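# Fold and geometry: a report
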Amino acid sequence: PVAVNFLRMHPEASVVIPRASSISEADLMGYVAQYGLSAYRDRVRITHTTAAMYEAFAQSMCALSKPGTVSLELAALGVPTVVAYKTSFITYTIAKWLVAIRQMALPNLLLGKTVFEECLQEQCCVEVLTKKIDALYKECITKDSAFISKQAMLHEVLPMLAGFGKKCEEST
């Protein structure tokens, strides 16, 4: 529904859906039909390989992502992103009690500041996500001060990852 809303709002835009290896082609096409993306077939690209996914990421103006490694990959490529995640209330409550972190997106944790806006739990709904990705897309198009600030923060990610990789090599 978020992608359909976005495509309705921005007729010049397109979306990319990376197919996870755990989702069959048939299931993904079922989701595409179920959520109304078939009507936008010419503006929806589904990637099937890791190389195609990275190529699509590199060409993206912005993204909607889960908080795992994909958010870090998007950050390393300099793609401003809205991060979304929802789990059961009990799981979320227990995790909040056990882990004292305020954010879930890896780039935010790595940088110690919010570079990717996060929509967690009750904020992870179609209305909020549509509004957030629309606002981010508009920032990217106009290259306003928020966009410039995010780009500056994103440029800090890759050197940090390179430094981390070097430390790992040295410890082995």
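The model shown is predicted, which means the values in this text are computed figures rather than measured ones.

## Comments concerning the layout of surface pockets
- Roughly 1800 Å³ of internal volume is contained in the largest pocket.
- If you go around the largest pocket, you meet 48 residues; those closest to its centre are Val16, Ile17, Pro18, Leu64 and Ser65.
- Elements with a minimum of two residues in the lining of the largest pocket: helix H1 (2–9), strand S1 (15–18), helix H2 (25–34), strand S2 (44–47), helix H3 (50–59), strand S3 (63–65), helix H4 (69–76) and helix H7 (126–142).
- The biggest single contributor to the lining of the largest pocket is H3, with five residues.
- Computed from the structure, the second largest pocket encloses a volume of approximately 290 Å³.
- Along the walls of the second largest pocket sit 13 residues, with Tyr92, Lys96, Ile101, Met104 and Leu120 positioned nearest its centre.
- Secondary structure elements with two or more residues in the lining of the second largest pocket: helix H5 (89–98) and strand S5 (117–120).
- The element that contributes the greatest number of residues to the lining of the second largest pocket is H5, accounting for four residues.
- Considered class by class, the residues forming the lining of the second largest pocket number seven nonpolar, three polar and three charged.

## A closer look at the packing of aromatic side chains
- Evaluation of the coordinates by the stated rule reveals two aromatic pairs.
- Judged by centre distance (5.0 Å) and plane angle (85°), the rings of Phe6 and Tyr137 are edge-to-face. Highlighted residues: Phe6 in helix H1 and Tyr137 in helix H7, separated in sequence by 131 residues.
- Of the residues examined, Tyr137 reaches a relative accessible area of 7% and is grouped as buried.
- With 6.2 Å between their ring centres and 80° between their planes, Tyr54 and Phe57 make a pair best called edge-to-face. Of the two residues, Tyr54 and Phe57 are both situated in helix H3; the distance of three residues between them amounts to about one turn of the helix.
- Given a relative accessible area of 33%, Tyr54 falls into the partly exposed group.
- You can call Phe57 buried: its relative accessible area is 7%.

## A closer look at H4
- Taken residue by residue, H4 has Val70, Ser71, Leu72, Leu74 and Ala75 as its buried positions.
- Positive backbone phi, approximately 75°, marks Gly78, located one or two places after H4.

## A few points about the pairing of S2
- Here S1 runs beside S2; their pairing, made up of four bridges, is parallel. Residue Val16 lies in a different strand from S2, and its bridge partner there is Arg45.
- Between S1 and its parallel partner S2, the chain crosses via H2, and the hand of that crossover is right-handed.

## What about the pairing of strand S4 (residues 81–85)?
- Within S4, four of the five residues are buried, which leaves it mostly tucked inside the rest of the structure.
- With three bridges joining them, S3 and S4 adopt parallel strand pairing. Bridge assignment links Ala63 to a residue of S4, and that residue is Thr81.
- With respect to chirality, the unit in which S3 leads through H4 into the neighbouring parallel S4 is right-handed.
- Taken together, the four bridges between S4 and S5 define a ladder with parallel strand orientation.

## Some details on the state of the cysteines
- Counting across every chain of the model gives zero disulfides.
- Free of any disulfide, Cys124 has its nearest cysteine sulfur in Cys119, 7.0 Å distant.
- Counting only cysteine sulfurs, Cys62 is the nearest neighbor of Cys140, a cysteine outside any disulfide, at a range of 4.7 Å.

Thresholds applied
- Residues numbered from 1 in each chain as written.
- Predicted model: local features only at pLDDT ≥ 70, side-chain atom pairs only at ≥ 80, totals over all residues.
- Heavy atoms only, no water.
- 1 Å grid on protein atoms, 1.4 Å probe; cavity = no way out; pocket = protein on both sides within 12 Å on 5 of 7 lines; lining within 4 Å.
- Points joined across faces, edges and corners; volume = space filled by probe spheres on them.
- Helix = DSSP H or I, 4+ residues; strand = E, 2+ residues; numbered from the N terminus.
- Nonpolar A, V, L, I, M, F, W, Y, C, P; charged D, E, K, R; others polar.
- Phe/Tyr/Trp six-rings, centres within 6.5 Å; stacked < 30°, edge-to-face > 60°.
- Buried < 20%, exposed > 50% of the residue type's maximum accessible area, 1.4 Å probe, protein only.
- Pairing = 2+ DSSP bridges.
- Right-handed = clockwise from strand over helix to strand, strands pointing away.
- Disulfide = S-S within 2.5 Å.

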